[in-house]
Amino acid sequence: MNRIKTFVTAIAATATVGFSVSALAAEKSDELVVYSARKEHLIKPLFDLYTQKTGTKFRYITDKPGPLMARLEAEGKASPADLLITVDAGNLWQASNKGLLQAIESNTLKANIPSHLRDPNNTWYGLSVRARTLVYAGDRVKEKELSSYEDLAGPEWKGRLCLRTSKKVYNQSLVATMVERMGEPKAEEVVKGWVANLAAPVFSNDTKAMKAVAAGQCDVTIVNTYYFGRLQKKNPDTNLKLFWANQDSSGVHVNVSGAGVTRHAKHPEAAQKFLEWLSTPEAQSVFADENMEYAANPAVKPSQQVADWGNFRQDDLNVSSAGQLQATAIKLMDRVRYN
Ligand code: FE
């Protein structure tokens, strides 16, 4: 009874509930239970398609990554969840590190997902790629003035840079990979340079940072390209342009949204099959296109709007660095007062 009570309480506390208390029956049924930090409108089309194809039904909840992981941890063996879907390799790494996921040996997943986009221990797999790169004012900045993330620390960008807060995992992941690439002292110097160049206090999200560039408050910022895509859709005449950073060096910083089979999955085989299907071209284009991202499977082409931004070379550093060095990155940003 206690276990049931805990589960009911947890459900009541969850932001978006894709199934009701009757989901308790899911533990005994063949339905796959998914905990997703990816929003409902991004994942439901995939569940529906898979149900059509295979008859497998789903129950799911959506919430932010932190609460979902806390919930998995609290539920322990009693958890009804089979699969965790979340954004950012930092979060996937945390889930794995807390022992919430199990290793999946799958030749399909290994063939479909490049090795830098999945856990070296096979507990999670990247399913879409999000590129974090530079967006600049096309009417005030010449493309040739731009080169890399590091370059934005230079004196020529004094008072011209806008950044999103360091509290967001996206920037923690970016700085973590910089630490991995160039070492902590050099990365710290760069981030210190960024802070010295800020034209305004840090913004709460990528869209606000881009709007500040559009309005002339600053000339350049660093964002995930799908936010640029949304802004471009709303305002096709925007003065903002994308620039692919670090093409002569490390490549564009990429991150993933991805998934793993939970440690206490009640249907581990069915969960693995669904995860494998998510890596196939059929599912990959839905997974990526719904949010203007890139498929993790390199055989899948991006949507037309995304393809129009041009090709780029991505950083091939394993994205798990974002998790491994997250604490180091947070401390580093704190030291140089990047808020
Ligand atoms: Fe986002």
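These figures come from a predicted structure and were not determined experimentally.

Participant: Account for the overall build of the protein, naming residues and giving values.
Facilitator: When helices and strands are counted, the protein shows 14 helices and 9 strands. Expected size for 339 residues packed as a compact globule is a radius of gyration near 20 Å; at 20 Å, the protein falls within 12% of this value. Taken along its principal axes, the extent of the C-alpha atoms in the protein is 65 × 40 × 35 Å. Expressed as a percentage of its 339 residues, the buried residues of the protein come to 56%. Taking contacts inside the protein between residues at least 6 apart in sequence as the whole, the part at least 24 apart equals 78%.

Participant: Give me the coordination of the iron ion: which residues, what numbers.
Facilitator: Coordination of the iron ion by the protein is provided by Tyr170 (OH), Tyr226 (OH) and Tyr227 (OH), with metal-donor distances spanning 2.0 to 2.1 Å. Mapped onto the sequence, the donors of the iron ion take the spacing Y-x55-Y-Y.

Participant: Describe the pattern of salt bridges, listing the residues and the values that go with them.
Facilitator: Within this structure, the stated rule accounts for 18 salt bridges. The salt bridge partner of Arg164 is Asp206, with a shortest N-O separation of 2.9 Å. One end of the pair, Arg164, is in the loop between strand S5 (125–137) and helix H6 (169–182); the other, Asp206, is in helix H8 (residues 206–214), and 42 residues separate them in sequence. Here Arg164 and Asp206 have matching classes, each one buried.

Participant: Hey, could you go over the nonpolar core for me, with residue numbers and the actual values?
Facilitator: The nonpolar side chains of a soluble globular protein tend to be buried, and buried together. Counting residues in each nonpolar core, the largest one holds 102 residues, and the members touching the most others are Leu134, Trp194 and Phe274. If near-sequence neighbours (up to four positions away) are discounted, Leu134 is found in contact with Leu146, Ser148, Tyr149, Leu152, Val220, Thr221, Ile222, Lys241, Leu242, Phe243 and Ala245.

Participant: Account for the packing of aromatic side chains, with residues named and values stated.
Facilitator: Using the criterion set out here, one finds 12 aromatic pairs in the structure. When the centroid spacing of 6.0 Å and the interplanar angle of 25 degrees are considered together, the rings of Phe274 and Trp277 count as stacked. Of the two residues, Phe274 and Trp277 both sit in helix H10 (residues 268–278), 3 residues apart, roughly one turn of that helix. The exposure class of Trp277 is buried, given its relative accessible area of 8%.

Participant: Explain a positive patch on the surface to me, and be specific about the residues and the numbers.
Facilitator: Residues Lys39, Lys64, Lys208, Lys211, Arg230 and Lys234 make up a contiguous surface patch of positive charge. Put simply, the parts of the chain that give the positive patch at least two residues each are H8 and helix H9 (225–234).

Participant: Explain the side chain of His253 to me, and be specific about the residues and the numbers.
Facilitator: In this structure, His253 sits in strand S8 (residues 253–261). Discounting chain neighbours no more than four positions away, the residues touching His253 are Arg130, Ala131, Arg132, Tyr149, Tyr170, Ser173, Leu174, Thr177 and Asp315.

Participant: Any chance you could break down unusual backbone geometry for me, citing the residues and the numbers?
Facilitator: Backbone geometry at Asp88 places phi at a positive 80 degrees, although glycine is not the residue there. Unusually for a residue other than glycine, Arg337 sits at a positive phi of about 60 degrees. Within the fold, Arg337 resides in the segment after helix H14 (326–335).

Participant: How would you sum up the state of the cysteines? Please name residues and give values.
Facilitator: Counted by the stated rule, this structure contains 1 disulfide. Here Cys162 engages in a disulfide with Cys218; their sulfurs sit 2.0 Å apart. Here Cys162 and Cys218 share a disulfide; its torsion about the S-S bond, -105 degrees, makes the bridge left-handed. Residue Cys162 is located in the loop between S5 and H6, and its partner Cys218 is located in the loop between H8 and strand S6 (220–224); the two are separated by 56 residues in the primary sequence. An identical accessibility class is assigned to Cys162 and Cys218; each is buried.

Participant: Account for the pairing of S8, with residues named and values stated.
Facilitator: Extensive coverage of S8 is indicated by the burial of 9 of its 9 residues. The sheet contact formed by strand S4 (residues 83–87) and S8 spans 5 bridges and is antiparallel. Bridge pairing in S8 places Thr86 opposite Gly258. Pairing analysis gives 7 bridges linking S5 to S8, with the strands arranged antiparallel.

Participant: How would you sum up H6? Please name residues and give values.
Facilitator: Over its 14 residues, H6 runs 20 Å from end to end, which matches the ideal 20 Å to within 8%, given 1.5 Å per residue. Buried within H6 we find Val169, Tyr170, Asn171, Gln172, Ser173, Leu174, Val175, Ala176, Thr177, Met178 and Val179. The first or second residue beyond H6 is Gly183, which carries a positive phi of 90 degrees.

Participant: Break down the environment of Asn255 for me, citing the residues and quoting the values.
Facilitator: Of note, Asn255 is situated in strand S8. Once residues within four sequence positions are removed from consideration, Asn255 is found in contact with Asp88, Ala89, Ser128, Val129, Arg130, Ser173 and Val319. Separated by 3.3 Å, the side chains of Asn255 and Ser173 make a polar contact.

Participant: Provide a residue-level description of the pairing of S6, including the pertinent values.
Facilitator: Most of S6 sits inside the fold, with 5 of its 5 residues counted as buried. The alternating pattern of S6 places Val220, Ile222 and Asn224 and Thr221 and Val223 on opposite faces, both of which are buried. Strand direction decides the pairing type here: S5 and S6, joined by 5 bridges, are antiparallel. Bridge assignment links Leu134 to a residue of S6, and that residue is Ile222.

What counts, and where the lines are drawn
- Residues numbered from 1 in each chain as written.
- Predicted model: local features only at pLDDT ≥ 70, side-chain atom pairs only at ≥ 80, totals over all residues.
- Heavy atoms only, no water.
- Helix = DSSP H or I, 4+ residues; strand = E, 2+ residues; numbered from the N terminus.
- Rg over C-alpha atoms; globule rule 2.2 N^0.38 Å.
- Buried < 20%, exposed > 50% of the residue type's maximum accessible area, 1.4 Å probe, protein only.
- Contact = heavy atoms within 4.5 Å.
- Donors = N, O, S within 2.8 Å, 3.2 Å for Na, K, Ca; no water.
- Salt bridge = Lys/Arg side-chain N within 4 Å of Asp/Glu carboxyl O.
- Core = buried A, V, L, I, M, F, W, Y, C linked by side-chain atoms within 4.5 Å.
- Phe/Tyr/Trp six-rings, centres within 6.5 Å; stacked < 30°, edge-to-face > 60°.
- Patch = residues over 30% accessible without salt bridge, like charges linked within 9 Å, V, L, I, M, F, W, Y side chains within 5 Å.
- Areas by Shrake-Rupley, 256 points an atom, 1.4 Å probe, with all protein chains shown as cover.
- Lys, Arg positive; Asp, Glu negative; His and termini not counted.
- Charge placed at Lys NZ, Arg CZ, Asp CG, Glu CD.
- Disulfide = S-S within 2.5 Å.
- Pairing = 2+ DSSP bridges.
- Expected span 1.5 Å × (residues − 1).
- Polar contact = N/O pair within 3.5 Å; in protein donor to acceptor, adjacent residues only side chain to side chain.

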